[in-house]
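Below are the chains, spelled out letter by letter.
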Protein chains: 2
Amino acid sequence: MVKVDSKELRKFCTEVFAQSIPYEEADVVSDNLVEADLLGFHSHGVCKVADYLKRMEDGLIERKTDLTLDKETLTTAVYNANNGWGQYASVKAMNTAINKALKSGSSFVGVRDSNHFGITSYYTKMAAEKGCIGIATTNASGLMVPFGSKEPSLGTNPISFAVPVGEGKTPVVLDMSTGNTARGKITLANKIGGEIPDDWAITKDGERTTDPAKALEGYLLPMGPKGSGLAIIVDILSSVLTGALFGSNVPRMYEDPEPQRLGHFFGAIDITSFMPLEDFYKRMEERVEQTVNSEPMEGFERVYMPGELEEEKKRKQLKEGVQLSNEIYEELKRTGHQYGVEIDEFIKMKV
Amino acid sequence: MVKVDSKELRKFCTEVFAQSIPYEEADVVSDNLVEADLLGFHSHGVCKVADYLKRMEDGLIERKTDLTLDKETLTTAVYNANNGWGQYASVKAMNTAINKALKSGSSFVGVRDSNHFGITSYYTKMAAEKGCIGIATTNASGLMVPFGSKEPSLGTNPISFAVPVGEGKTPVVLDMSTGNTARGKITLANKIGGEIPDDWAITKDGERTTDPAKALEGYLLPMGPKGSGLAIIVDILSSVLTGALFGSNVPRMYEDPEPQRLGHFFGAIDITSFMPLEDFYKRMEERVEQTVNSEPMEGFERVYMPGELEEEKKRKQLKEGVQLSNEIYEELKRTGHQYGVEIDEFIKMKV
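These figures come from a predicted structure and were not determined experimentally. (Residues numbered from 1 in each chain as written. Chains lettered and ligands numbered in written order. Predicted model: local features only at pLDDT ≥ 70, side-chain atom pairs only at ≥ 80, totals over all residues. Heavy atoms only, no water.)

### Let's talk about the overall build of chain A
The secondary structure content of chain A amounts to eleven helices and eleven strands. Its C-alpha radius of gyration of 20 Å places chain A within 12% of the 20 Å reference for a compact globule of 351 residues. Projected onto the principal axes, the alpha-carbon positions of chain A cover approximately 50 × 45 × 45 Å. Scored against the burial criterion, the 351 residues of chain A give a buried share of 60%. In chain A, the proportion of contacts linking residues at least 24 apart, taken out of those at least 6 apart, comes to 65%. Accessible surface, chain A as shown: approximately 14,000 Å² in total, 49% of it carbon and sulfur. Where the 40 positive side-chain charges of chain A centre and where its 52 negative ones centre are 1 Å apart. (Helix = DSSP H or I, 4+ residues; strand = E, 2+ residues; numbered from the N terminus. Rg over C-alpha atoms; globule rule 2.2 N^0.38 Å. Buried < 20%, exposed > 50% of the residue type's maximum accessible area, 1.4 Å probe, protein only. Contact = heavy atoms within 4.5 Å. Areas by Shrake-Rupley, 256 points an atom, 1.4 Å probe, with all protein chains shown as cover. Lys, Arg positive; Asp, Glu negative; His and termini not counted. Charge placed at Lys NZ, Arg CZ, Asp CG, Glu CD.)

So, in structure tokens, the structure goes:
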């Protein structure tokens, strides 16, 4: 484990990306990845730098995002990312949703033919910062089966909501995948040995398994019929409705030599269309207090609001540095060197 | 068990309600309750007739819904149901959301100070019938604890989405509670005896239990941290944002002698703002086929889309009659008689 300063880490990653893509896009992608590490979502963090660049070198992600507008109404829009960078297209799309909502009350903006966009809450929090309730979804390649099926036609399609609580206060942020577990937990179980619960995954032949190695060759199980249903709705909003590839048509991120043409969906609701912001913030404060001041069950120290633990981790890591595994740090170093960007020139604080 | 014709059942229930409330409102409430029975959600069906009327007689639901408009923008509105009938206020609100979406692309409409609104998918399907994607949520009285807490500040706050697939085709309908189980399943386990899984409920002292009797005195557990987070978001959208009572402030439906002042939230997205309806329907057909034609896991006969099983049950019961338990049928008979409406004059087909 190493701890590095998050600002230095971000600058380094930006510099690495900027050797191949416009600086503005490099900076957005880098900020999104470092934010994931800060919140503790390491599977969506800077470990993606090498993966993204490999896909770019293979011609599967464009070096410059040519974002075009397919269709627009007063409260909706559909962007075509034309196989550019997911984060860059998504920031533009969420900004459009926020601006439309602030003008007209509510808005939904889709993105088609895009790539991996990082963590979903990155975009919903943009809306919360502007006094809106943010909604975001994305589809992903098929690692998960629908409830009752042995064929993977779903990603772990996440959905996020963010709600502002007031100036300087931690927003309420839900960012959930629709799977029963993260693939990363199975990878970990496979490394350290031992069994996994039998509702996490199936083998490639469609049988429930407690063997992490067989689970990794197979597919994830959804969070029951409800998680499966939500994943299908997320796929419809993100991709059927926007013109992206959907369901089992989506190529896999690592194995398939084709652009993924993913779809994302962003919503914003202007709070002042419903009540004055100060009234809403007062009500939200009470809503938060009802939860966090409630008596915890046995085995819990206290009760948290959605997103609270992640924001705590972020505050801590902003101060003390972001924790990265040695493997990821070494991979970043190699990747940087490959593009003529030396990590030691950027990362000064390292514990 | 008895089987009765659904149209006759609806007319009877309408007539019973219409002895006390306007015919138009009686008809909407009755249609909503019978629809729940048709789909197989008997806990939200005509078993509610007596409960609703008792609350009305106790002065906890107004005899006429005085729906007023608190606030309106191009794409949003907030209605105050002034303690009237949840179903009636909600049909008006969803119609407003649909009309606004068809004009401007998307819309969200809230209802405050309302009562139990029946099944959530009733409203999202209204949107799907008009070529929109429908969204609906409601809060409810505190029967469920947030993740890690022993204090019930959440209902099993449901969320529903409905997506049209084409003229005459079964829409995709997700209608899910955010709890780990329905309270009805615990009631059933208590009747027939036996244990319940230890992740369904806690005792009133906050301990996990497998004893259904103790579970019924206690509180439901959410569907893990994700279900808990979703329930909180549903409470925020339905009630914090609309001015309704939220969280632990909501009085309980049966025990507390106060109006519940619930909140509901309805959204509509006009599909043609994103792509022509015929293109969307073609894509949806493929999306449905990917799922229903996929190979089932062991233990499953086939794979279903969300809402498909319920619509199948509805088609069957429309033909063969709605199944009601003898207890519910007798209760309906007594309730009708109390209001001078004799069930035998309405229900001719009964098996």
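### Notes on the pairing of strand S4 (residues 106–114) of chain B
Residue and element names in this part refer to chain B. With eight of nine residues buried, S4 is to be regarded as a mostly interior element. Looking at chain direction, strand S3 (residues 76–80) and S4 are connected through five bridges and run parallel. Looking at the pairing, valine 78 lines up with glycine 110 of S4. Across seven bridges, S4 lies against strand S10 (residues 262–270) in antiparallel orientation. Bridge pairing in S10 places phenylalanine 108 opposite glycine 267. (Pairing = 2+ DSSP bridges.)

### Some details on the sheet that holds strand S3 (residues 76–80) of chain A
Residues and elements named next belong to chain A. Ordered in space as S2-S3-S4-S10-S5-S6-S7, the seven strands form an open sheet in which the pairing is mixed. Each of the sheet's edge strands pairs with one partner strand only, and the pair in question is strand S2 (68–72) and strand S7 (172–176). Across the sheet, the axes of successive neighbouring strands diverge by a mean angle of 15°, strand direction being ignored. Set on the sheet, helix H5 (residues 121–129) makes contact with strand S5 (132–138), strand S6 (159–163), S7 and strand S10 (262–270); between it and S5 the angle comes to about 165°. (Axes fitted to C-alpha atoms, helices over the stretch in contact; angles between N-to-C directions.)

### Points about the pattern of salt bridges
Residue and element names in this part refer to chain A. Summed over all chains, the structure comprises 39 salt bridges over all chains. Between arginine 261 and aspartate 113 there is a salt bridge, with the nearest N and O atoms lying 3.1 Å from each other. Taken together, the residues span a long stretch of sequence, with arginine 261 in the loop between helix H8 (224–240) and S10 and aspartate 113 in strand S4 (residues 106–114) at a distance of 148 residues. By sharing partners, the salt bridges in this structure join Glu35, Lys125, Glu311 and Lys314 into a single network. (Salt bridge = Lys/Arg side-chain N within 4 Å of Asp/Glu carboxyl O.)

### Looking at the sheet that holds strand S5 (residues 132–138) of chain B
Sheet architecture is open: seven strands sit in the order S2-S3-S4-S10-S5-S6-S7 (chain B), paired in mixed fashion. For this open sheet the edge positions go to strand S2 (68–72) and strand S7 (172–176) of chain B, each flanked by a neighbour on one side alone. When strand polarity is set aside, the average angle formed by the axes of neighbouring strands in this sheet is 15°. H8 of chain A rests against S5, strand S6 (159–163), S7 and S10 of chain B of the sheet, and its axis sits at about 135° to S7 of chain B. Of the strands in this sheet, S4, S5, S6, S7 and S10 of chain B are in contact with helix H8 (residues 224–240) of chain B, which crosses S10 of chain B at around 90°.

### Topic: the pairing of S10 of chain A
Residues and elements named next belong to chain A. Burial analysis of S10 places nine of its nine residues in the buried class, which makes it a mostly covered element. The alternating pattern of S10 places Leu262, His264, Phe266, Ala268 and Asp270 and Gly263, Phe265, Gly267 and Ile269 on opposite faces, both of which are buried. Taken together, the seven bridges between S5 and S10 define a ladder with antiparallel strand orientation. Across the sheet, the residue bridging to cysteine 132 is aspartate 270, located in S10.

### Re unusual backbone geometry
At asparagine 83 of chain A, a residue that is not glycine, the phi angle is positive and equals roughly 65°. By the secondary structure assignment, asparagine 83 of chain A is in the loop between S3 and helix H4 (86–104). One non-glycine residue, aspartate 113 of chain B, lies in positive phi territory at about 50°. Judged by relative accessible area, aspartate 113 of chain B falls into the buried class, the value being 10%.

### Some remarks on the interface of chain B and chain A
In this complex, chain B contributes 77 residues to the contact, which on the side of chain A involves 77 residues. Roughly 6,600 Å² is buried in total at the junction of chain B and chain A, and carbon and sulfur atoms are behind 69% of that figure. Here chain B and chain A share four salt bridges between them. In this structure, glutamate 295 of chain A and lysine 150 of chain B form a salt bridge, with 3.5 Å as the shortest nitrogen-oxygen distance. Per element, the largest residue contribution to the side of chain B that touches chain A is ten residues, and it comes from H8 of chain B. In terms of residue class, the side of chain B that touches chain A is built from 39 nonpolar, 26 polar and twelve charged. (Buried area = accessible area lost by both parts, 1.4 Å probe. Nonpolar A, V, L, I, M, F, W, Y, C, P; charged D, E, K, R; others polar.)

### Thoughts on the relation of the copies chain B and chain A
Each of the two chain copies goes to the other by way of a rotation about an axis and a shift along it. Each copy of the sequence occupies a distinct position, and chain B is placed on chain A by a rotation of 180° and an axial shift of 0.0 Å, giving an RMSD of 0.0 Å. Expressed as a symmetry operation, the mapping of one chain copy onto the other fits a two-fold axis. Closest approach to the rotation axis within chain B is made by the C-alpha atom of serine 106 of chain B, at a distance of 3.4 Å. (Least-squares fit on C-alpha atoms with pLDDT ≥ 70 in both.)

### What about the packing of aromatic side chains?
One pass over the structure, following the stated rule, counts 23 aromatic pairs over all chains. Residues tyrosine 52 of chain A and tryptophan 85 of chain A carry aromatic rings whose centres are separated by 6.0 Å and whose planes lie at 75° to one another, so their mutual orientation is edge-to-face. On the criterion of sequence distance, the pair formed by tyrosine 52 of chain A in helix H3 (residues 48–57) and tryptophan 85 of chain A in the loop between S3 and H4 is long-range, its members being 33 residues apart. The residues tyrosine 52 of chain A and tryptophan 85 of chain A share a single accessibility class, namely buried. Each member of the aromatic cluster is reached from another via a ring pair, and the members are Phe108, Phe265 and Phe274 of chain A together with Phe108, Phe265 and Phe274 of chain B. Directly above the ring of tyrosine 304 of chain A sits arginine 302 of chain A, whose terminal nitrogen or CZ lies 4.1 Å from the centroid. (Phe/Tyr/Trp six-rings, centres within 6.5 Å; stacked < 30°, edge-to-face > 60°. Lys NZ or Arg CZ within 6 Å of the ring centre and 35° of its normal.)

### Some remarks on the domain arrangement of chain A
Residue and element names in this part refer to chain A. Domains assigned within chain A are domain 1 (1–58 + 321–351), domain 2 (62–179 + 223–319) and domain 3 (180–221). Between domain 2 and domain 3, the C-alpha centre-to-centre distance is 26 Å. At the interface, ten residues of domain 2 touch nine residues of domain 3. Taking both partners together, domain 2 and domain 3 bury about 790 Å²; carbon and sulfur atoms supply 64% of that area. At the surface where domain 2 touches domain 3, the tally comes to zero salt bridges. At the junction of domain 2 with domain 3, the criterion picks out four residue pairs in polar contact (both at pLDDT 80 or more). (Domains from an automatic or database assignment. Polar contact = N/O pair within 3.5 Å; in protein donor to acceptor, adjacent residues only side chain to side chain.)

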